[in-house]
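What the coordinates show
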Amino acid sequence: MNNTRRALILAALLLAAAPLLAQEPSAPPAAPGAPVSWESLSPQQQKLLGSRFGGQWNTLPPERQQALARGSQRWLGMTPDQKTQARDRFAHWNSLPPEQRQALRQRWQQFQALPPQQRAFVRQNFHRFQQLPPARRQMLTQRWRNATPEQRKEMVERARARVQGHGAPHGPPPHH
């Protein structure tokens, strides 16, 4: 799968997860590294997690317990449509080859390492890209694929300048 498609999939995953990541948990989060007791989970969480993790809960690493507790809490707060979308995304994720999943994990970590303003910029640009007509998206994707790394850097800088109101030109980057 090409880099542009991978980037688009990652961006779609980020956008799809954004509402879930923004939700506040109803219970205070456990301290990093602190185990989560089975009894501290709600009955609904215990029911959701019990068949797969109930018997081994106390043997799981605390970070895994915390992740499962947060995930089960989010799952229980989802609408049926959100659950269907989450299942579809999970099935798609599982269908990807391991090396592609690893590449997406690395891109996610790179995205998470960006300062908040840059993450917002990436999200904003992806949302703007998704709002474009399909023909325009295809043309921009092709232009990106055909650009050299230097041209891509120029494209990004010009897009940043446009967003910030510095009036950069809109044409393709100059060829060197």
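Residues numbered from 1 in each chain as written. Predicted model: local features only at pLDDT ≥ 70, side-chain atom pairs only at ≥ 80, totals over all residues. Heavy atoms only, no water.

Where a protein is soluble and globular, its nonpolar side chains tend to be buried together. Counting residues in each nonpolar core, the largest one holds nine residues, listed as Val-36, Trp-38, Leu-41, Leu-49, Phe-53, Trp-57, Leu-60, Leu-68 and Ala-69. Mapped onto this core, the elements with two or more residues apiece are helix 2 (43-53) and helix 3 (62-77). Ignoring anything within four residues of it in the chain, the contact list for Leu-49 reads Trp-38, Leu-41, Gly-54, Trp-57, Leu-68 and Ser-72. (Core = buried A, V, L, I, M, F, W, Y, C linked by side-chain atoms within 4.5 Å. Buried < 20%, exposed > 50% of the residue type's maximum accessible area, 1.4 Å probe, protein only. Helix = DSSP H or I, 4+ residues; strand = E, 2+ residues; numbered from the N terminus. Contact = heavy atoms within 4.5 Å.)

Moving on, we come to the packing of aromatic side chains. Counting across every chain of the model gives two aromatic pairs. Ring plane angle 65 degrees and centroid distance 5.4 Å describe the contact between Trp-38 and Trp-57, whose orientation is recorded as edge-to-face. Separated by 19 residues along the polypeptide, Trp-38 in the loop between helix 1 (3-22) and helix 2 and Trp-57 in the loop between helix 2 and helix 3 bring together distant segments of the chain. Accessibility expressed as a relative area gives 1% for Trp-57, which makes it buried. (Phe/Tyr/Trp six-rings, centres within 6.5 Å; stacked < 30°, edge-to-face > 60°.)

The next thing to look at is helix 2. When we look at burial in helix 2, the residues that qualify are Gln-45, Leu-49 and Phe-53. Viewed along the axis of helix 2, the buried residues span an arc of 20 degrees, placing them on a single side of the element. Exposed positions of helix 2 whose direction lies more than 90 degrees from the buried face are Pro-43, Lys-47 and Ser-51. Those residues of helix 2 that are buried lie in contact with helix 3. (Arc of directions from axis to C-beta.)

As a packed pair, helix 2 and helix 3 sit with axes 9 Å apart at the nearest point and diverge in direction by 125 degrees. In terms of axis orientation, helix 2 runs oblique to helix 3. Seen from above, helix 2 lies across helix 3 with right-handed handedness. Packed against helix 2, whose contacting residues are Gln-44, Gln-45, Leu-48, Leu-49 and Phe-53, the element helix 3 presents Arg-64, Leu-68, Ala-69, Ser-72, Gln-73, Trp-75 and Leu-76 at the interface. Here the contact of helix 2 with helix 3 is composed, by residue class, of seven nonpolar, four polar and one charged. (Axes fitted to C-alpha atoms, helices over the stretch in contact; angles between N-to-C directions. Parallel < 35°, antiparallel > 145°, perpendicular 65-115°, else oblique. Left-handed = near helix turned anticlockwise from the far one by under 90°. Nonpolar A, V, L, I, M, F, W, Y, C, P; charged D, E, K, R; others polar.)

Turning to the packing of helix 6 (residues 116-131) against helix 8 (residues 149-163), a few remarks are in order. Contact geometry of helix 6 with helix 8 gives a least axis separation of 12 Å together with a crossing angle of 90 degrees. In terms of orientation, helix 6 lies roughly perpendicular with respect to helix 8. Note on element contacts: helix 8 touches helix 6 through Ala-159, Arg-160 and Val-163, opposite Phe-121, Gln-124, Asn-125 and Arg-128. Among the residues making up the contact of helix 6 with helix 8, the classes are represented as three nonpolar, two polar and two charged.

The next subject is the confidence of the model for the chain. Here the chain averages 82 in pLDDT, and 76% of its residues register 70 or above. When mean pLDDT is taken per element in the chain, helix 4 (residues 80-95) scores highest with 95 and helix 1 scores lowest with 48. A low-confidence stretch, residues 18-28 (pLDDT under 50), is modelled with eight contacts involving residues beyond four sequence positions or located in other chains. Throughout residues 167-176 the model reports pLDDT below 50, and contacts reaching past four residues in sequence, or to other chains, amount to 21 contacts. (pLDDT = per-residue confidence, 0-100.)

Here the focus is the environment of Lys-47. For Lys-47, the position within the fold is in helix 2. Considering only alpha carbons, one finds Lys-47 and Ser-72, 25 residues apart in sequence, at a separation of 9.9 Å.

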